[in-house]
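Structural description and commentary
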Amino acid sequence: AQSVTQLGSHVSVSEGALVLLRCNYSSSVPPYLFWYVQYPNQGLQLLLKYTTGATLVKGINGFEAEFKKSETSFHLTKPSAHMSDAAEYFCAVSVGGTALIFGKGTTLSVSS
Amino acid sequence: EAGVVQSPRYKIIEKKQPVAFWCNPISGHNTLYWYRQNLGQGPELLIRYENEEAVDDSQLPKDRFSAERLKGVDSTLKIQPAELGDSAVYLCASSPAGATRTQYFGPGTRLLVL
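Residues numbered from 1 in each chain as written. Chains lettered and ligands numbered in written order. Predicted model: local features only at pLDDT ≥ 70, side-chain atom pairs only at ≥ 80, totals over all residues. Heavy atoms only, no water.

The next thing to look at is a nonpolar patch on the surface. Together, B:Ile12, B:Leu112 and B:Leu114 make up an exposed nonpolar region whose accessible area comes to about 290 Å². Residue placement: B:Leu112 occurs in strand β11 (residues 109-113). (Patch = residues over 30% accessible without salt bridge, like charges linked within 9 Å, V, L, I, M, F, W, Y side chains within 5 Å. Areas by Shrake-Rupley, 256 points an atom, 1.4 Å probe, with all protein chains shown as cover. Salt bridge = Lys/Arg side-chain N within 4 Å of Asp/Glu carboxyl O. Helix = DSSP H or I, 4+ residues; strand = E, 2+ residues; numbered from the N terminus.)

This paragraph deals with the pairing of strand β4 (residues 31-37) of chain B. Residues and elements named next belong to chain B. Most of β4 is tucked away, with seven of its seven residues classed as buried. Both faces of β4 are covered, namely the face carrying Thr-31, Tyr-33, Tyr-35 and Gln-37 and the face carrying Leu-32, Trp-34 and Arg-36. Taken together, the six bridges between β4 and strand β5 (residues 44-50) define a ladder with antiparallel strand orientation. Paired with Leu-32 across the strands is Tyr-49, a residue of β5. Between the end of β4 and the start of β5, which pair antiparallel, lie six residues, with Gly-40 showing a positive phi angle near 75°. (Buried < 20%, exposed > 50% of the residue type's maximum accessible area, 1.4 Å probe, protein only. Pairing = 2+ DSSP bridges.)

Turning next to the interface of chain B and chain A. Taken residue by residue, the interface counts 21 residues in chain B and 20 residues in chain A. Along the contact surface separating chain B from chain A lie zero salt bridges. On inspection of chain B and its partner chain A, the count reaches six residue pairs in polar contact (both at pLDDT 80 or more). Counting residues per element, the ones that place at least two in the side of chain B that touches chain A are β4 and β5 of chain B. With three residues, the top contributor of residues to the side of chain B that touches chain A is β4(B). Partitioned by chemical class, the residues of the side of chain B that touches chain A number nine nonpolar, eight polar and four charged. (Contact = heavy atoms within 4.5 Å. Polar contact = N/O pair within 3.5 Å; in protein donor to acceptor, adjacent residues only side chain to side chain. Nonpolar A, V, L, I, M, F, W, Y, C, P; charged D, E, K, R; others polar.)

Strands pair in a sheet through their backbones, by hydrogen bonds, and they do so in one of two ways: parallel or antiparallel. All names here are of chain A. Judged by pairing direction, the sheet is antiparallel, and its five strands sit side by side in the order β1-β3-β8-β7-β6 without closing on themselves. Strands at the two margins of the open sheet, each flanked by one partner only, are β1 (3-7) and β6 (56-58). With direction set aside, neighbouring strand axes in the sheet form an average angle of 20°. Bridging between β6 and strand β7 (residues 64-68) involves three bridges; their strand directions are antiparallel. Looking at β7, one finds that Val-57 is bridged to Ala-65. (Axes fitted to C-alpha atoms, helices over the stretch in contact; angles between N-to-C directions.)

The structure is reproduced here in structure tokens:
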């Protein structure tokens, strides 16, 4: 069975600092991996995805993630945080194009 | 291109009352999903449709929940009767055909059962 673990339910950074949100997955077959962002009272917006090929994936709003098979990780990073990045972030895994299995989410706070 | 549309956005009902949520997926997306998101948690799948067929409803509490997707386009999720524990955000998503099936989510319906 597939599962996702997001380390740290809450991450706080200063504006301009590096953002690092951690995600580890478990899957018996090559997974598809996703990061979604959720702003208050809104649905989930796709940030980026890994399917096959290049292991460093670039997404919207300056975010990127690296798929590391040996570490079963898919951590999300952004070099310089902006106030508008404050939101809830979800990592998810899908196998064979079926339903997504989500982690519990990480709340990112950005202070000025 | 229009995104996934859901209505209503908010709903407050008394326990034991019925409630229904509506979803219109992105045009051309054959697969439709309903998820439930409890407070402080990630979404969890309730049901997945391929066109008109419910291909995965293993997590749908069938004693009180029902869903339909007539004509393979829009879908309705119903709860009857609602319980206090049903308070959550109900998210609809759709995906196109293909191996990846990237899912695109609607804004959700926030349900509060009193």
